[in-house]
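Descriptive analysis of the structure
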Amino acid sequence: MAASLSSPSAADVRRQDRWWVYPANVAAWLTLFGLYSLWTIVFFHSDQFHQYLSPFYSPQVAVGRTPASPALFIFYIPLGFRATCYYYRKAYYRAFFADPPGCAIREPQFLASASPTGRGSAYRGESRLPFVLNNLHRFLMYFAVGFVVVLWIDAYNSFWYHGHLGFGLGTALMLVNIVFLTGYTFGCHSLRHLVGGGVDCFSCALGGRQRHRAWKGVSWLNARHSTFAWISLFTLIATDLYIRLLQYGVIHDPHLGF
Ligand code: FES
């Protein structure tokens, strides 16, 4: 008997598992991250303790030039990079717009036409404002790589205590943070395309061997992109919070001096 090729009905694909745990978690953590970022960026003017500099405040391009928080002048680049990231787009479309809420889960009818990404008659995908801005991701990627370089320099500087070599808990946090941020940034889909996307044959392309090696590295990170995306979000907050607590004298930094 020939197998049926017709599409499965909604009843066929109704899921019995707790599919809502993932979008609920995403919504909760992204909301918390958004509120924390707002708090640290808007209500303070610095987050530095001796050799430690918070990643929210680096690079220090506007320090001393404005009465407003200098973080306000740079935050939109890393924020824009994350907000337009292909992985985060999937995550927050599901979590905040239920569009769709999960694989094989139908979009709620009341949202289908009301949600900005909803599949009502006015559905425009990412071709209209505000979601057309997601197409800026490939350009923001270049700036994000620049931020990674700056944060590696900050991590290096965190080894120097008043001109002497040292290693504190803050140094460890800054290092862990930049390692995961690097893993997140260099696993970017746009970077993977840049490195190997336009090449049909690596052995025929200029610098093909090196490009193939780079593409394999980026592909390894890319396959773990969501893991790096989440861990780097938490290391970012942990580093910022730790330095702020040091700055306000709430805790002390255990460290070794050499
Ligand atoms: S796709 Fe996630 S950072 Fe580019």
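In what follows, the accompanying structure is described. (Residues numbered from 1 in each chain as written. Predicted model: local features only at pLDDT ≥ 70, side-chain atom pairs only at ≥ 80, totals over all residues. Heavy atoms only, no water.)

Section: the state of the cysteines
Scanning all chains against the criterion turns up 1 disulfide. Two residues share a disulfide in this structure: Cys201 and Cys204, whose sulfurs sit 2.0 Å from each other. The sign of the S-S torsion, about 75°, decides the handedness of the disulfide formed by Cys201 and Cys204: right-handed. Taking the relative accessible area as the measure of exposure, Cys204 reaches 60% and is therefore exposed. (Disulfide = S-S within 2.5 Å. Buried < 20%, exposed > 50% of the residue type's maximum accessible area, 1.4 Å probe, protein only.)

Some words on the side chain of Ser232
Positionally, Ser232 belongs in helix H9 (residues 225-247). In this structure Ser232 comes out as buried when scored by relative accessible area, which is 0%. (Helix = DSSP H or I, 4+ residues; strand = E, 2+ residues; numbered from the N terminus.)

What to know about the packing of helix H5 (residues 137-157) against helix H7 (residues 189-197)
Running from N to C, H5 and H7 point in directions that differ by 90°, and their axes come no closer than 9 Å. In terms of orientation, H5 lies roughly perpendicular with respect to H7. Together, His137, Arg138, Met141 and Tyr142 of H5 and Ser190, Leu191 and Leu194 of H7 make up the contact between the two elements. Classifying every residue of the contact of H5 with H7 gives 4 nonpolar, 2 polar and 1 charged. (Axes fitted to C-alpha atoms, helices over the stretch in contact; angles between N-to-C directions. Parallel < 35°, antiparallel > 145°, perpendicular 65-115°, else oblique. Contact = heavy atoms within 4.5 Å. Nonpolar A, V, L, I, M, F, W, Y, C, P; charged D, E, K, R; others polar.)

Let's talk about the packing of aromatic side chains
Going through the model one piece at a time under the given rule, you end up with 20 aromatic pairs. Relative to Tyr184, the ring of Phe81 lies with its centre 5.8 Å away and its plane at 70°, an arrangement referred to as edge-to-face. Linking Phe81 in helix H2 (residues 76-83) with Tyr184 in helix H6 (residues 169-185), this pair joins segments that are 103 residues apart in sequence. Arranged with centres 5.4 Å apart and planes meeting at 80°, the rings of Tyr92 and Tyr93 form a pair that is edge-to-face. Comparing Tyr92 with Tyr93, the two get one shared label, buried. The structure contains a cluster of three or more aromatic residues connected by ring pairs, namely Trp29, Phe81, Tyr87, Tyr88, Tyr184, Trp230 and Phe234. Its end group placed over the ring of Trp220, Arg224 keeps NZ or CZ at 3.8 Å from the ring centre. Above the plane of the ring of Trp39 lies Arg244, whose end atom (NZ or CZ) is 5.9 Å from the centre. (Phe/Tyr/Trp six-rings, centres within 6.5 Å; stacked < 30°, edge-to-face > 60°. Lys NZ or Arg CZ within 6 Å of the ring centre and 35° of its normal.)

Concerning the sheet that holds strand S5 (residues 255-257)
A sheet is described by the order of its strands in space; here 3 strands give the open sequence S3-S4-S5, paired in antiparallel fashion. Of all strands in the sheet, those with a lone pairing partner are strand S3 (160-161) and S5, marking the two edges. In the packing of H6 onto the sheet, the strands contacted are S3 and strand S4 (164-168), and the crossing angle to S4 comes to about 75°. (Pairing = 2+ DSSP bridges.)

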